[in-house]
Every structure is written in C-alpha cells, then in structure tokens.
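Structural overview for review
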Amino acid sequence: DYVYIDRIESKWPLRIHLEVGYRAVANCIAGGKVLLAYLEPDLRARLLRSRNLVARTPRSITSVAQLEAELETVRAQDYGTNNEENFEGIVAVAVPIRDARERVVAALTMHGPMPRETMHTCVAALPRLRQGARRIAAAWDLV
C-alpha cells in the first residue's frame, strides 16, 4: 500500500478529496509506482509475487510482467504516472523524494480530475514537482 502522509488541497471547486492516512494500492497510483520502482530488485520481485495486484479501474495494471515494464519506465524517466488507474477520470504524476544517499524514501504527487488536468499538464508540472521534492528533502533534513 501507499499511504498519504500529507496533503495540500487546491482551491479549485472540482478536486479530489483524500484524507491524510488514505491507503491506496501501490500498483494503481503514481507515487506507489515510484516507490516500487526504486525498491531493491529482489525485494520488489518477492513483494510483487506474494500479492494479487488489485484492479481499481479497467486501466489498472494487474500483471506482474506489465507492472515490471512500467516500473522500468518509471526508473528511466524518474517519475511515475497514473492514467485513470485508481479512479476513473483522475490523472497523476509523481516524483521521488531522495535522502542524502540518493535513496528514494517518499514520493511527491500531483493529481487532478480530468478535464482540468491531463497527462500533458501533469508532465508539464514535473520541473516544479522536482523542485518541491528537493525542498521537502531539505526540510526533512534528508540531504
């Protein structure tokens, strides 16, 4: 599972309301994919083989092989996406938050309802998200 430890709500009237402490299946959300992507490979393989990958929508990835391919993409581009995989009509992007040793310890995610957000607008926000991830790491005294 992926657990939300903090949230900043937008001021838009059309938004997603998830409480701090909300748990989501990691294979269906951008931040969960980021954390899975950077797990030690043997640990990730054991974890993925020991669980059924839950489908939250028709777009959810439920095959270990497909998820591993997606996680390889996450590592290559250094961000994860959620294209309506947890809730229909919701898209997201997430970047890793790293400690001083460059280990991924958390993820910073931006998500929103379509059509206010699209995968294009999410990806366009990556520079600001990466900056935010660095600032969080510094505030948490990780760097």
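Source: prediction; values computed, not measured.

The subject of this paragraph is the layout of surface pockets. Within this model, the largest pocket holds a volume of roughly 1,200 Å³. At the level of secondary structure, the elements contributing two or more residues to the lining of the largest pocket comprise β1 (2-3), β5 (104-113) and α5 (126-139). In terms of residue class, the lining of the largest pocket is built from 17 nonpolar, 6 polar and 8 charged. The volume enclosed by the second largest pocket comes to roughly 350 Å³. Elements with a minimum of two residues in the lining of the second largest pocket: α1 (30-37) and α2 (41-49). Counting residues per element, the lining of the second largest pocket draws most heavily on α1, at 3 residues.

Quick look at the sheet that holds strand β3 (residues 80-83) now. If you trace the 3 strands from one edge of the open sheet to the other, you get β3-β4-β5, paired in antiparallel fashion. The strands lining the two open edges of the sheet, one partner per strand, are β3 and β5. Adjacent strand axes in the sheet meet at a mean angle of 20°, parallel and antiparallel pairs treated alike. In the sheet, strand β4 (residues 90-98) pairs with β5 via 9 bridges, with the strands oriented antiparallel. Among the inter-strand pairings, Pro-96 is bridged to a residue of β5, identified as Ala-107. Packed onto the sheet, α1 meets β3, β4 and β5 and runs at close to 155° relative to β5.

Summed over all chains, the structure comprises 0 disulfides. Cysteine Cys-28 shares no disulfide, and the gap to the nearest cysteine sulfur, in Cys-122, comes to 16 Å. The class of Cys-28 is buried, set by a relative accessible area of 0%.

Turning our attention to the side chain of Thr-57. Along the chain, Thr-57 turns up in the loop between α2 and α3 (64-77). Judged by relative accessible area, which is 7%, Thr-57 ranks as buried. A distance of 2.7 Å separates the side chain of Thr-57 from the backbone oxygen of Glu-84, its partner in a polar contact. Aside from chain neighbours lying at most four places away, what touches Thr-57 is Glu-84, Glu-85, Asn-86, Phe-87 and Glu-88.

On to the nonpolar core. Counting residues in hydrophobic clusters, the biggest one holds 21 residues, and the most contacted among them are Leu-36, Leu-48, Leu-67 and Leu-71. Every element with two or more residues in this core is listed here: α1, α3 and β4. Beyond its immediate sequence surroundings of up to four residues, Leu-67 is in contact with Asn-27, Leu-36, Leu-48, Leu-53 and Ile-61. If you look at the next biggest cluster of nonpolar residues, it comprises 11 residues, including Val-91, Cys-122, Leu-126 and Leu-129.

About the thresholds
- Residues numbered from 1 in each chain as written.
- Predicted model: local features only at pLDDT ≥ 70, side-chain atom pairs only at ≥ 80, totals over all residues.
- Heavy atoms only, no water.
- 1 Å grid on protein atoms, 1.4 Å probe; cavity = no way out; pocket = protein on both sides within 12 Å on 5 of 7 lines; lining within 4 Å.
- Points joined across faces, edges and corners; volume = space filled by probe spheres on them.
- Helix = DSSP H or I, 4+ residues; strand = E, 2+ residues; numbered from the N terminus.
- Nonpolar A, V, L, I, M, F, W, Y, C, P; charged D, E, K, R; others polar.
- Pairing = 2+ DSSP bridges.
- Axes fitted to C-alpha atoms, helices over the stretch in contact; angles between N-to-C directions.
- Contact = heavy atoms within 4.5 Å.
- Disulfide = S-S within 2.5 Å.
- Buried < 20%, exposed > 50% of the residue type's maximum accessible area, 1.4 Å probe, protein only.
- Polar contact = N/O pair within 3.5 Å; in protein donor to acceptor, adjacent residues only side chain to side chain.
- Core = buried A, V, L, I, M, F, W, Y, C linked by side-chain atoms within 4.5 Å.

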